[in-house]
Amino acid sequence: MTDGMISGTILIKELFMRILSFLACFFLMMSTAFAKDFKVATVDLAKLFNDYPGTKDAQDKFNAIASKKQQALAGQEQDLQDLDTELKKQAAVMTPKQKADKEYMLKKKLEDYTAQKNQILAELKTDEGQMTDDILTQIKTIVTQVGKSKGYDLVLDSEKTILITNPVDLTADVEKAFPASAPASDSGKADSSN
């Protein structure tokens, strides 16, 4: 479940980054006629994301939140299964009204379960997106600092860039600038309310 959410979030961000890279390259081509000393570098943002000290902590935190919410759903799921089993076993000896009442109760509980499950999935997607954005913001700050300190005018994600003549890869330099441990993220506050 979490891999699919991560993939969806990453796909949206990849599309955004591709468009942003295209526009940056377009403006770069237009500006090269005006500025001969324009310096461009690249970074492997996926590698930086995976290697960033806060990524594992954020993933562990997210997994703990997801696990807690899934456990809450597991109890309701078992109640639904028990109610369905009871209905099937006793259907032959129930009056039509009793059977209809049990079926209605089962249907109502199933609707409540489905609504709660959808709400939890939406909350998890939001939490994951926020945690990912927090980490990317921290990484981009470091990329900006390293790029500026080395005199680069533009730093692009190497995966989203089709062509740059003689690019310099700053990935290793950025990794050296990572803090020993990442700042704590405020994401996942929703966990305290559940």
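Here the residue numbering is sequential within each chain, running from 1 through the sequence in written order. Only residues with pLDDT of at least 70 are given local features in this predicted model, and only at 80 or more are side-chain atom pairs given and counted; all residues enter the totals for whole chains, interfaces and linings. Where side-chain values are given, they derive from all heavy atoms of the structure, hydrogens and water being excluded.

A.B. asks: Would you mind showing me how to read the overall build of the chain here?
C.D. replies: The helix count covers DSSP runs of H or I at least four residues long, the strand count covers runs of E at least two residues long, and both are numbered beginning at the N terminus. For the chain, the count of helices and strands is six helices and three strands. Going residue by residue from the N terminus, the α and β elements of the chain occur as α-β-α-α-α-β-β-α-α. Remark: exposure states derive from per-residue accessible area (1.4 Å probe, protein chains only) relative to the maximum for the residue type, with buried under 20%, exposed over 50%, and partly exposed in between. Taken across its 194 residues, the chain has 31% of its residues classed as buried. Here the analysis covers contacts within the chain between residues at least 6 apart in sequence; of these, 87% occur between residues at least 24 apart. Here the chain has roughly 12500 Å² of accessible surface; of this, 58% comes from carbon and sulfur atoms. Only heavy atoms matter for contacts: two residues are in contact if any of them lie within 4.5 Å across the pair. Methods summary: accessible areas were calculated by the Shrake-Rupley approach with a probe of 1.4 Å, and residue burial reflects only the protein chains presented.

A.B. asks: Please explain the packing of aromatic side chains as it appears in this structure.
C.D. replies: The geometry of an aromatic ring pair is captured by two quantities: the separation of the ring centres and the angle between the planes. Here the aromatic set is Phe, Tyr and Trp, taking the six-membered ring for Trp, and pairing holds for ring centres within 6.5 Å; pairs whose planes are under 30 degrees apart are stacked, those over 60 apart are edge-to-face, and all others are tilted. Within the structure shown, the criterion is met by one aromatic pair. Note on Tyr 52 and Phe 178: the rings are 4.9 Å apart at their centroids and 85 degrees apart in plane angle, and the pair reads as edge-to-face. Within this pair, whereas Tyr 52 is found in the loop between α2 (45–51) and α3 (53–90), its partner Phe 178 is found in the loop between α5 (171–176) and α6 (190–193), the two being separated by 126 residues in sequence. Phe 178 matches Tyr 52 in its accessibility class, with the two residues each being buried. Positioned over the ring face of Tyr 152 is Lys 39, at 4.7 Å from the centre of the ring. As a reminder, the over-ring test applies to NZ of lysine and CZ of arginine, requiring each to be within 6 Å of the ring centre and within 35 degrees of the ring normal.

A.B. asks: For this particular structure, what's the right way to read the pattern of salt bridges?
C.D. replies: Any two side chains of opposite charge can pair if their charged atoms end up close together. Any carboxyl oxygen of Asp or Glu within 4 Å of a side-chain nitrogen of Lys or Arg constitutes a salt bridge here. Per the stated rule, a full pass over the model turns up ten salt bridges. Salt-bridge contacts for Lys 69 lead to Glu 123; the nearest nitrogen and oxygen are separated by 2.9 Å. Of this pair, Lys 69 sits in helix α3 while Glu 123 sits in helix α4 (residues 96–149), placing them 54 residues apart in sequence. For Lys 69, a relative accessible area of 4% translates into the label buried. Taking the shortest distance from any N to any O, the salt bridge between Lys 102 and Glu 86 comes out at 2.5 Å. Taken together, the positions of Lys 102 in helix α4 and Glu 86 in helix α3 put the pair 16 residues apart, joining distant regions of the chain. We classify Glu 86 as partly exposed; its relative accessible area is 30%.

A.B. asks: Explanation requested: α4 in the structure shown.
C.D. replies: In an α-helix, one full turn covers 3.6 residues, which means residues spaced three or four apart are oriented alike. Expected span, for any helix, means 1.5 Å times one less than how many residues it has. In this model α4 runs 79 Å from its N-terminal to its C-terminal C-alpha over 54 residues, within 8% of the 80 Å that 1.5 Å per residue would give. One or two residues past the end of α4 sits Gly 151, with phi positive at roughly 85 degrees.

A.B. asks: Quick question: what am I supposed to make of α3 here?
C.D. replies: Its 38 residues place the ends of α3 57 Å apart at the C-alpha level, agreeing with the 56 Å of an ideal helix rising 1.5 Å per residue. Considered for burial, the residues of α3 that qualify are Gly 54, Thr 55, Ala 58, Phe 62, Ile 65, Ala 66, Lys 69, Leu 73, Leu 80, Leu 83 and Leu 87.

A.B. asks: Help me out: how do you make sense of the nonpolar core in this one?
C.D. replies: Proteins that are soluble and globular tend to have nonpolar side chains buried together. Only buried residues count toward a nonpolar core. Its members are Ala, Val, Leu, Ile, Met, Phe, Trp, Tyr and Cys residues joined through side-chain atoms within 4.5 Å. Residues Leu 48, Ile 139, Leu 170 and Val 174 are the most contacted members of the largest nonpolar core, which totals 30 residues. Those elements that provide at least two residues to this core are β1 (40–43), α2, α3 and α4. The leading source of residues in this core is α4, at eleven residues. Contacts of Leu 170, omitting those with residues within four sequence positions, involve Ala 41, Thr 42, Val 43, Val 146, Gly 147, Lys 150, Tyr 152 and Val 155.

A.B. asks: What is the right way to look at the pairing of β1 in this model?
C.D. replies: The side chains of a regular strand alternate, first on one face of the sheet and then on the other. Going residue by residue along β1, you find Val 40 and Thr 42 tucked away on one face and Ala 41 and Val 43 tucked away on the opposite face as well. Here, a strand pair is defined by DSSP locating no fewer than two bridges between the strands. The pairing of β1 with strand β2 (residues 154–157) spans four bridges and is parallel. Considered in β2, the bridge of Val 40 is made with Leu 154. Pairing of β1 with strand β3 (residues 168–169) involves two bridges; the strand directions are parallel. When the sheet's bridge partners are listed, Thr 42 is paired in β3 with Asp 169.

A.B. asks: Teacher, can you tell me more about the sheet that holds β1 here?
C.D. replies: What links the strands of a sheet is backbone hydrogen bonding, and the strands pair in either a parallel or an antiparallel sense. Strands sit in the order β2-β1-β3 across an open sheet of three strands; the sheet is parallel. The sheet terminates laterally at β2 and β3, the two strands that pair on one side only.

A.B. asks: Whenever I open this one, the environment of Asp 134 confuses me. Can you help?
C.D. replies: Turning to its location among the elements, Asp 134 is positioned in helix α4. According to the relative accessible area criterion, Asp 134 is buried, its value standing at 19%. For the pair Asp 134 and Ala 58, spaced 76 residues apart in sequence, the C-alpha to C-alpha distance is 9.5 Å. In terms of polar contacts, Asp 134 uses its side chain to reach the side chain of Gln 130, at 2.7 Å. The term polar contact refers here to a pair of N or O atoms within 3.5 Å; inside protein, the definition further demands a hydrogen-donor-capable atom paired with an acceptor-capable atom, and it admits residues adjacent in sequence only when both atoms are side-chain atoms.

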